[in-house]
Amino acid sequence: MGDIRQSLLPRDVLSAAKELLYHLDIYICNMVQSGRQPPQVDTKTLDLIEEFILHTPKDRNAPVRRMSALQELQLLEIMCSCFQEQSRDTVRQLMFSALFNLQGNQADESRMALLSKLVSMAVAVGRVPILECAATWLQRTHRVYCVRLAQVLVDDYCSMVPGSGPTLQNIHSASPRFCCQFITAVTTLYDLTSEELTPPLELLQMIVSWIQDDHRLVLITFLNSPLSGSQPLSSLDVTPLGGLIRWCVKAPLAYRRDRKPTSSDGSSDGAPDAARLFSALHLSVLQVFMLLPTILNEKGLFGRLALLQMESVAALTSDLSRLLDQADKHTHAATADAHAASQLALDRLAQALQVAMASGALLCSREDLRAICSRLPHNNLLQLVLSGPVMYYNNIHTPPLAYSPHAAHSPIPSHAAIPTLPAHTPHTPLATHPASHAQYPAQPFMSGMPFPFRPGH
Amino acid sequence: MSVVFDGGSLKGMQSSHSHTAPSALSAQELSQEIKSFISGVDAIQGRKLSVREHARCAVRLLRCVPACRGAVLEHLRGVYDEHVSMFLHNLETEGSSSSGATSNLEDIIQEVHGVLSEFIRLNPRAWAPLVSTWAVDLLGQLSSKHAGRRVAPHSSSLNELLQLWMSCAATRSLMEAYSQCLAAMLAWCPDACVDALLDTSVKHSPHFDWVVAHIGSAFPGTIISRVLACGLKDFCSHGAKDQGLLAEKGSRVPKIGSVVGILGHLAAHHSDSIRKELLRMFQESLIPSTPLSPTSSSSSWEASPQLRRAAVPFLLQLAALSPNLFGAVSSELVELLRPPVLLQLQSLLQGLPREELDNMLGLAVHLISQSPTGGARVLKFLADTATPASVIISGPTPSPNEGVREGCDRLLQMLLLHLHKLVFNRSDAAEAGLVGSASSQPQRVTPFLEELRSHVGQLCAETLRLERKRHLWLHQLLCLLSVYGGPSVATETLCQLLTQARNPEELALAWQLHTTLSSCMAGLIPAAVAHCVAQIHTHTLEPRQLRQLLLNLAAAIQSQDEERKGTAGGQSSMAVQIGLAVSGHLHDFGPLLLHGDPAVSNATVRLLSCSPLPRTSSPAHLLLLSRASVTHFFLALRRRGEARKAGRDMGQTGEAVSCSVLLLSRFAAYSPLTLKAILQQLVEGALHKGNADLFGGQIADMSGAPLASPSVSSDLGASLLDINCRFGTTVNFSGSVWSVFHAGVIGKGLKVRTAANQPDPSGVIQNIQTLLAVLVQCCSSSSLNGSQSPSDPGEPLPINAEAAKVVAVTLVENVCPDVANGELSWPPEEHARTTVERDIHIRRCFEAHPVLFPLLQVVAAGRPALCYCSAVLRGLLATLLSHWEASREASSKDSPWHLQASCLLVSCMGEGQLLPPVLANVHEAFAYLNPFEVRLLLLAVWEYVRGNGPLPQKFVFSPDKGMFCRDFSRDGDVSRYVAPIHSVLHKNIDRLGHLCWRFQL
């Protein structure tokens, strides 16, 4: 493969790149057919790619060859069709990794640029194979780069070109895997800490509609990935659940903060809309959690695999307490509005924690939770969640929780322990209400049932 | 609009694309679209796309496929270029051929513009940087590429260029897009877009200038500050290492060049904002950086200490590159440099390395020397700041820190050195010609000095304050200025110094200046004096200044005398020169003697009294001068009298009088003409009614009688007219009426004699003494008979006969206006009756003017001049005779005036050798006699004179005495005239015994 360099050198940039792609295809096909294990592209080839496709100068003296934007577009078009026409997934995958797996060298920048353009274009023209490859790339690559790719897509489709949102919307149907990874990347990117890191409304709408349409979408990567758990270090989470919970919990505070400078006029446009979207999202997330016990049990992982990392919960709570502190500081005479928002955030946290624990996504003791949540201000629901009995459900047929529409108004903990497990009751400080459990007998929770959502008190 | 007429397969698609069209295209279609765009061939129909179709395709991709953004924009460059080409081509072919094609592309450009501007509007943050860069780059490329076209105006004619490009749809659209971007971006990252603008400007200058100018005038405030900030950053990053090397400014800092260019463009309309921005930059760079309190301005350069430090060098550099900018700032900059600011500046600059400071200093010096305006203020500021704080002189501003002062001191020294080089190198270039002609050659101009030329006066005043170091600097500067400005400035300077100096130390500065300049400039002093004279003529000087000038000139001339006494120094030659120059202009100074301000006239007389007299001069000038000096003499006497009366210090007035005396005597000695004029005028003046009171005289009327005061004479009720009417038309009054009028009107009693008011006898005496002194000096020092130095210096020179004759003649003319019977020889005494009128007049004159007798004595001393007074003497003697004859008093002492007059008359005649000593001595006896006897003696005198006529030819010059003498032995026997004397002696021998020896023959 290395010997073609001499023949490539005199060619113009575009045809050289084209030719190299052609050779690469053949080379990888041969490699796969020969069954070499593991199928690995050698460094010489990688060098060629860097030189003739990414145009990284090999040495200082070599003149910098650079493609014009038109040539680059042609190259992208060629790549698109190249991946499209390759029928074998393995070959395609290998080729994609050969082209775009980060090597930790100076070519990575142009690699990222090219990849971003390629994926963006694939989204536009609906090239499923490329999206699938990109989904795999997103699973294997350091999250910083994943976030960059997501950023480019969001910029392209949600801000740069007005009216192009629907195109991005289509990736859900084109490649659910890619869509799932995209959501994970996006939730990692937008952590609601500043205005720039608040997701555009369009994106939010898109994500909410995706998850509402198909709860399993969130779990697709998890479902498809092997059980080995050999996740590369610092890659994206397997599911976007953590990020989504963060969004839902922080949203009331973050959006209130954003709205403040424009409270005179801008209060009507984005925020209520966003609030509605986030509450819908929250519901969907909780519903996804409800799916988990079944899946985990199927895989035999219940209680063994934490989809929601303890550390991310800890980071979330500390973030939240900081945000609440700030909010308090900013508004000394806490308005009813502000109070409602913070209570909403805490409510959501409590609900998410409870459901996550109950569904086996979060593996921790209540003591750990108490330690984590100790700095949070008082919230009735959270108090109940923290003081409730530790419950692990091995039996998926037993509904883990019973929700009552009156939960917030009644002194009874909404996570009312199931009578079948009375042994745990002594642990709860609210043991004075054991009778109340009987009031809410096992009420099977059904997926898809409307969730009694309360935006506030 | 035009889309409707296009037809073609793309029409439908296109028209539906306005807003939400992208959803209409499926992924498949998009893929086709991309293919068509890349290949330029319609993917479905397989035919080649036209430019318009291709462009439309691009626009669709821009709307739908974000990844194509770069490619589309790149493609559109070609479209824009195509349009510009066609546009220019149409212009070149006068639009005859294919105007349709242009308009076709024009709608595409409209479309693209619409899409872009919609994008920018919807999401400025994402699109503005992108489009602005693209638009600016494309604009640069287009304007460079088409700059050589025939229709394109030359890049220097900015307005035409602007007009051309703004009429082209493509460039106009780009410009609008860029403006839109800029407006959007200014809010959050203004530096980026201006950076791009600058970069492009550098790359495509000067063809790109119109863009910058247009943008600049659309966003003046922001563009200016941004451009400055960018320039500063660039300057800072380039490192200020070679900032001092102005020579290679063109090649080196590219950005600062374009900063200068852009600001230069904007300066035409926005000089105010530019100035404000520059000053703001300066001020903000000085404010100590407080990281915790960011300034209100959004630009970031204030935050970086490094940039702050670079700001001042940057501004200097900027100013050095653009005189316009410098001019805008310099005037206000000085105002800004108050002590606190200076301290800040100092603390800021302390951190800089030595070499850099030196460079900055050099730059600042260069700038100051090139500054066309405000030089005076800059200079004042520098001198004020650099002058060491003093206990004695406290400046208007509190003295700044010592470090600041030293800095300024250094700057000032450098400035002087630099100017020195400039000035002298310049004159080296003009060495070929003489100094006088050098000014005609074109010479390098130093604006700083050029401007200071008009401030020479102030500079001189400042210099003369002799404040510590300050006057040294200023003096040096004056020298430079004089050399620079050539003779005119040098003259002006010298003249100013001469006018403004108030004491010898200050005057010495003028000499120093002259010493320095004399080496390279000839004829400076005459020119300076001429200039002073011109100023005098134009009355531009205040009396005080005028006086000072005159005194200074006098002092200069006098120093010559001192030098002559002491060792001869360099100054003496100048003193001589000044003397010569002044002597050439004596007649110009003359009128000043009569200046209304006594101080001025005194100063003038002082100057004139010490200045040498010109070798030749026109009679008119001489006469004028002599008249003026005589008039001044009387004025001085009057002032002295007034001073004495007021009890003031008489030193000054006394000095004026003595100067006046000196002047008169020197002047009289100058030439016979002046002598004559002066003597004449002195005598006339002394007798003039205006001056009479000075010498104890009374104001006499036509008839010589003292005038009665109006209150007294009014009730007289008589008029000559009435009398004439009453007496009819007969004219012959045989003199009686006149007599009547002399004594009073008949029937009204005697005329009331006004009481002689002699307010100040001692003053009168002093005045008379002075007058006599003058006369004597004039007469004796005269050069009429050659210069006879007396053997004994203590002995006064004999009075010159000619001079005395002048006095005599003048006296006669004044006292005795009637020329009838004016012959010198005397008639018999009886004939005196025919001249009664005249005689009375003469007598009254003598009564009214006591000064006449001393004058007569002077005349008498200058023998034989008294002969010419014969008529006056005769008249006086006749009236005296008639008085004594008519007198019925017991003793002659009862008519004191007549007695005195008789005595004086006889003694005068004796002195004048009209009488032999025997006869001349008779006056000694008068006081002891009775009137009749006095008459007898006087008759004897008369008889003698009648017998021996008072004729000048009877006198002969005796060289041993140096004067004329009369040998009485040649005349007839005296004895027969002596007989009455002896009779009288005999008669009164008891009283006159002691006098007998006086009458021995």
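Residues numbered from 1 in each chain as written. Chains lettered and ligands numbered in written order. Predicted model: local features only at pLDDT ≥ 70, side-chain atom pairs only at ≥ 80, totals over all residues.

Asker: It is not clear to me how the overall build of chain A should be interpreted in this structure. Could you clarify?
Answerer: When you go through chain A residue by residue, the secondary structure sums to 20 helices and zero strands. Relative to its full complement of 457 residues, chain A shows a buried share of 43%. Long-range contacts, defined as pairs at least 24 residues apart, comprise 78% of the intrachain contacts of chain A with a sequence gap of at least 6. (Helix = DSSP H or I, 4+ residues; strand = E, 2+ residues; numbered from the N terminus. Buried ≥ 20, exposed ≤ 12 C-beta atoms within 10 Å, placed from the backbone. Contact = placed C-beta atoms within 7 Å.)

Asker: Would you mind showing me how to read the overall build of chain B here?
Answerer: When helices and strands are tallied, chain B shows 48 helices and two strands. Within chain B, the fraction of its 1001 residues that count as buried is 44%. For chain B, the share of sequence-separated contacts (at least 6 apart) that also reach a separation of at least 24 residues comes to 75%.

Asker: Please explain the interface of chain A and chain B as it appears in this structure.
Answerer: Bring the parts together and some accessible area is lost; that lost area is often taken as the interface size. Taken together, the contact between chain A and chain B spans 24 residues of the former and 25 residues of the latter. Only α4 (69-85), α6 (108-125) and α8 (143-160) of chain A provide two or more residues apiece to the side of chain A that touches chain B. Take the side of chain A that touches chain B: its biggest share by element is seven residues, from α4(A). By residue class, the composition of the side of chain A that touches chain B is twelve nonpolar, seven polar and five charged. (Nonpolar A, V, L, I, M, F, W, Y, C, P; charged D, E, K, R; others polar.)

Asker: Help me understand the confidence of the model for chain A in this model?
Answerer: It should be kept in mind that the predicted coordinates are not to be read in detail where pLDDT is low. Residue and element names in this part refer to chain A. Counting all residues, the mean pLDDT for chain A is 77, and 78% of those residues have values of 70 or more. Within chain A, helix α11 (residues 176-189) carries the highest mean pLDDT (92), whereas helix α20 (residues 436-439) carries the lowest (40). For residues 260-268, every residue scores under 50 in pLDDT, and the model assigns this stretch two contacts once sequence neighbours within four places are set aside. Within the model, pLDDT remains below 50 along residues 393-457, and this stretch shows 81 contacts once partners closer than five positions in the same chain are excluded. (pLDDT = per-residue confidence, 0-100.)

Asker: What is the right way to read the confidence of the model for chain B from this model?
Answerer: Residues and elements named next belong to chain B. In the predicted model, chain B carries a mean pLDDT of 75, and 78% of its residues have values of at least 70. Throughout residues 98-102 the model reports pLDDT below 50, and contacts reaching past four residues in sequence, or to other chains, amount to five contacts. Confidence drops under pLDDT 50 across residues 430-442; counting only partners more than four residues distant or on other chains, this segment forms twelve contacts.

Asker: What is the right way to look at helix α46 (residues 931-947) of chain B in this model?
Answerer: Quick reminder: α-helices carry 3.6 residues per turn. Residues three or four places apart thus point the same way. Residue and element names in this part refer to chain B. Here α46 contains 17 residues, and its C-alpha end-to-end distance of 24 Å stays within 8% of the 24 Å for a straight helix at 1.5 Å per residue. Of all 17 residues making up α46, twelve are buried, and the element is well covered by its neighbours. Along α46, the residues classified as buried are P931, E933, V934, R935, L936, L937, L938, A940, V941, W942, Y944 and V945. Turning to α46, the residues buried within the fold contact α42 (870-886), α43 (896-911), α44 (917-920), α45 (923-926) and α47 (975-987). (Expected span 1.5 Å × (residues − 1).)

Asker: What's the story with the pairing of strand β1 (residues 955-958) of chain B in this structure? I'm lost.
Answerer: Where a strand is regular, its side chains alternate between the two sheet faces. Residues and elements named next belong to chain B. Bridge count for β1 against strand β2 (residues 963-966) is four bridges, and the pairing is antiparallel. Paired with V956 across the two strands is C965, which belongs to β2. Turn length for the β1-β2 hairpin, with the two strands adjacent in sequence and antiparallel, is four residues, and the turn residue G962 shows positive phi of about 80 degrees. (Pairing = 2+ DSSP bridges.)

Asker: Can you walk me through helix α41 (residues 852-861) of chain B in this structure?
Answerer: Taking burial as the measure, the ten residues of α41(B) include seven buried ones, the bulk of the element. Those residues of α41(B) that sit buried are L852(B), L855(B), L856(B), V858(B), V859(B), A860(B) and A861(B).

Asker: In this structure, what is going on with unusual backbone geometry? I would like to understand it.
Answerer: Glycine aside, the phi torsion of most residues is negative, and most peptide linkages are trans. The omega torsion of the bond from R863(B) to P864(B) falls at -5 degrees, within 30 degrees of zero and hence cis. The phi dihedral of H55(A) falls on the positive side, at around 55 degrees, and the residue is not glycine. Tracing the sequence through the fold places H55(A) in the loop between α3 (43-52) and α4. You can call H55(A) partly exposed: it has 18 C-beta atoms within 10 Å. Phi at Q913(B) takes a positive value of approximately 60 degrees, unusual for a residue other than glycine. With respect to the secondary-structure elements, Q913(B) resides in the loop between α43 and α44.

Asker: It is not clear to me how the packing of helix α31 (residues 619-646) of chain B against helix α33 (residues 672-687) of chain B should be interpreted in this structure. Could you clarify?
Answerer: Residue and element names in this part refer to chain B. Where α31 contacts α33, the two axes come as close as 9 Å, and the packing angle between them is 35 degrees. In the packing of α31 onto α33, the handedness of the crossing is right-handed. The residues of α33 that touch α31, namely those facing P619, L622, L623, S626, R627, V630 and F634, are L673, T674, A677, I678, Q681, L682 and G685. For the contact of α31 with α33, the residue count by class is nine nonpolar, four polar and one charged. (Axes fitted to C-alpha atoms, helices over the stretch in contact; angles between N-to-C directions. Left-handed = near helix turned anticlockwise from the far one by under 90°.)

Asker: Help me understand the environment of G947(B) in this model?
Answerer: All names here are of chain B. Tracing the backbone shows G947 in helix α46. Residue classification places G947 among the partly exposed residues on the basis of 15 C-beta atoms within 10 Å. Residues G947 and P828, spaced 119 residues apart in sequence, show a C-alpha to C-alpha distance of 9.1 Å.

Asker: Even after reading the chapter, I still don't get the environment of P293(A), so can you show me in this structure?
Answerer: Residues and elements named next belong to chain A. Examined against the element boundaries, P293 turns out to sit in helix α15 (residues 270-299). For P293, a count of 23 C-beta atoms within 10 Å corresponds to the buried category. The spacing of P293 and A356 is 63 residues in sequence and 9.9 Å in space, taken between C-alpha atoms.

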